[in-house]
Amino acid sequence: YCGGDSNSGTVFRIDSATHSLTPWFKDESLAPTPKQAIGLYGVRAKNGWVYFSGPSKSGLFKVKIGANGQPEGGAIPMEPGLCVNDFDVADDGSTYFANGGILFKVSADGVVTPVADPIPWGPSAVVSNDDKTLYWPTRGGSAPQRTSRPPSPRGLFANDQEKVGAIAPLAAQM
């Protein structure tokens, strides 16, 4: 498993058997700044990559997991301009996130596509285990928080409730 420390810009490897944390990747530019109190937001691991975002360094990034389970190279920008809060990764390596009133998809090779516009504002997105549904919570104003979905002719999205943990499985080779 992996998790992020928003106070240091560090991604940690989590060993659930020993209940220990080990620094796995650190990027000083993802640490908090005097103007931005949070350094690292979302962290996900899937298919040999660790993905992360942070407001101090706007964008969405990924780091390859090497054969030895350690980072291979530095952070690769997937989407370097938008402030990405939390996000999720589909099996094909595409990431999904909400930014303001727009739901975005970033393909594995970095092509950014608005998927739904407008949507109720929400801070996160979650792809279902079968890759057929995208969930995101809405918030703001006096309306109650709820999960929502955009219309989709491809059947990728559905409206449902789903609880999601804060820790993402790290690749099997770790």
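Once a new chain begins, its residue numbering starts again from 1 and follows that chain's sequence as written. pLDDT decides what is reported in this predicted model: residues at 70 or higher carry local features, side-chain atom pairs at 80 or more are listed and counted, and totals for whole chains, interfaces and linings draw on all residues regardless. Note that water and hydrogens are dropped before the side-chain values are worked out from all heavy atoms of the structure.

1. A short note on the overall build of the chain
Rules: Secondary structure elements are taken from DSSP: a helix is a run of H or I of four residues or more, a strand is a run of E of two residues or more, and numbering for both begins at the N terminus. Exposure is judged per residue with a 1.4 Å probe applied to protein chains only, and the accessible area is read against the type maximum: over 50% gives exposed, under 20% gives buried, and values in between give partly exposed. By definition in these notes, contact holds between two residues if any of their heavy atoms fall within 4.5 Å. Note on areas: these come from Shrake-Rupley sampling with a 1.4 Å probe, and a residue is covered only by the protein chains present in the view.
Of regular secondary structure, the chain possesses zero helices and 14 strands. Listing every helix and strand of the chain by position from the N terminus yields β-β-β-β-β-β-β-β-β-β-β-β-β-β. Counting over 174 residues, the chain shows a buried share of 43%. In the chain, once contacts between residues fewer than 6 apart in sequence are set aside, the share between residues at least 24 apart is 40%. Just so you have it, the chain exposes about 8900 Å², and 52% of that area is on carbon and sulfur atoms.

2. Describing unusual backbone geometry
With a phi angle near 60°, H19 is a residue other than glycine that sits in the positive phi range. The residue H19 is located in the loop between β2 (10-15) and β3 (20-26) in this model. Despite not being glycine, N47 has its phi angle at roughly 50°, a positive value. Residue position: N47 is located in the loop between β4 (43-46) and β5 (49-53).

3. Focus: the nonpolar core
Selection criterion: Definition used in this section: a nonpolar core is a set of buried Ala, Val, Leu, Ile, Met, Phe, Trp, Tyr and Cys residues joined via side-chain atoms within 4.5 Å.
Membership of the largest hydrophobic core comes to 13 residues, with the highest contact counts inside it found for V11, W24, F25, L40, V43, V50 and F52. Breaking this core down by element, the ones donating at least two residues are β3, β4, β5 and β6 (60-65). At three residues, β6 tops the list of elements feeding residues into this core.

4. Side note on the sheet that holds strand β1 (residues 2-5)
Heads up, the condition is: Should DSSP find at least two bridges between two strands, the strands are taken to pair. Interaxial angles span 0 to 180 degrees and are taken between N-to-C directions of axes, which are lines fitted to C-alpha atoms, for helices over the stretch in contact.
Taken in spatial order, the three strands of this open sheet run β1-β2-β3, and their pairing is antiparallel. Two strands bound the open sheet, and with one partner strand each, they are β1 and β3. Strand-to-strand twist across the sheet, computed as the mean angle between neighbouring axes with direction ignored, equals 35°.

5. Points about the packing of aromatic side chains
Heads up, the rule is: Paired rings are identified among Phe, Tyr and Trp, the last through its six-membered ring, by centres lying within 6.5 Å, and are further divided according to the angle between planes into stacked (under 30 degrees), edge-to-face (over 60) and tilted (the rest). To sit over a ring, a charge needs its Lys NZ or Arg CZ within 6 Å of the ring centre and within 35 degrees of the ring normal.
A full pass over the atoms with the stated rule returns four aromatic pairs. Summarising the aromatic geometry, the rings of W24 and F25 are spaced 6.4 Å apart at their centres and angled 50° between planes, so their arrangement reads as tilted. Among the aromatic residues, ring-to-ring pairing joins W24, F25, F52 and F61 into one connected group. The aromatic ring of F87 is capped on one face by R44, whose charged end is 5.7 Å from the ring centroid.

6. Describing the environment of L30
Summarising the element assignment, L30 is placed in the loop between β3 and β4. Judged by its relative accessible area of 1%, L30 is buried. For the pair formed by L30 and F52, sequence separation is 22 residues and the distance between their alpha carbons is 9.7 Å.

7. Some remarks on the pairing of β4
Pairing between β4 and β5: four bridges, direction antiparallel. Within β5, the residue paired with R44 across the bridge is Y51. Where β4 folds back on β5, the antiparallel hairpin that results is connected by two residues, among which N47 adopts a positive phi of roughly 50°.

8. As for the sheet that holds β4
Strand order in the open sheet formed by four strands is β4-β5-β6-β7, with antiparallel pairing between adjacent strands. Each edge of the open sheet carries a strand with a single partner, namely β4 and β7 (71-79). Averaged over all pairs of adjacent strands, the angle between their axes in this sheet comes to 25°, without regard to strand direction.

9. Here we look at the confidence of the model for the chain
Counted only if it meets this: Values of pLDDT, the confidence the predictor places in each residue, fall between 0 and 100.
Mean pLDDT for the chain: 77, with 79% of residues reaching 70 or above. No element of the chain has a lower mean pLDDT than strand β14 (residues 147-148), at 56, and none a higher one than β6, at 94. Below pLDDT 50 for its whole length, residues 150-174 participates in 59 contacts with residues either more than four positions away or in separate chains.

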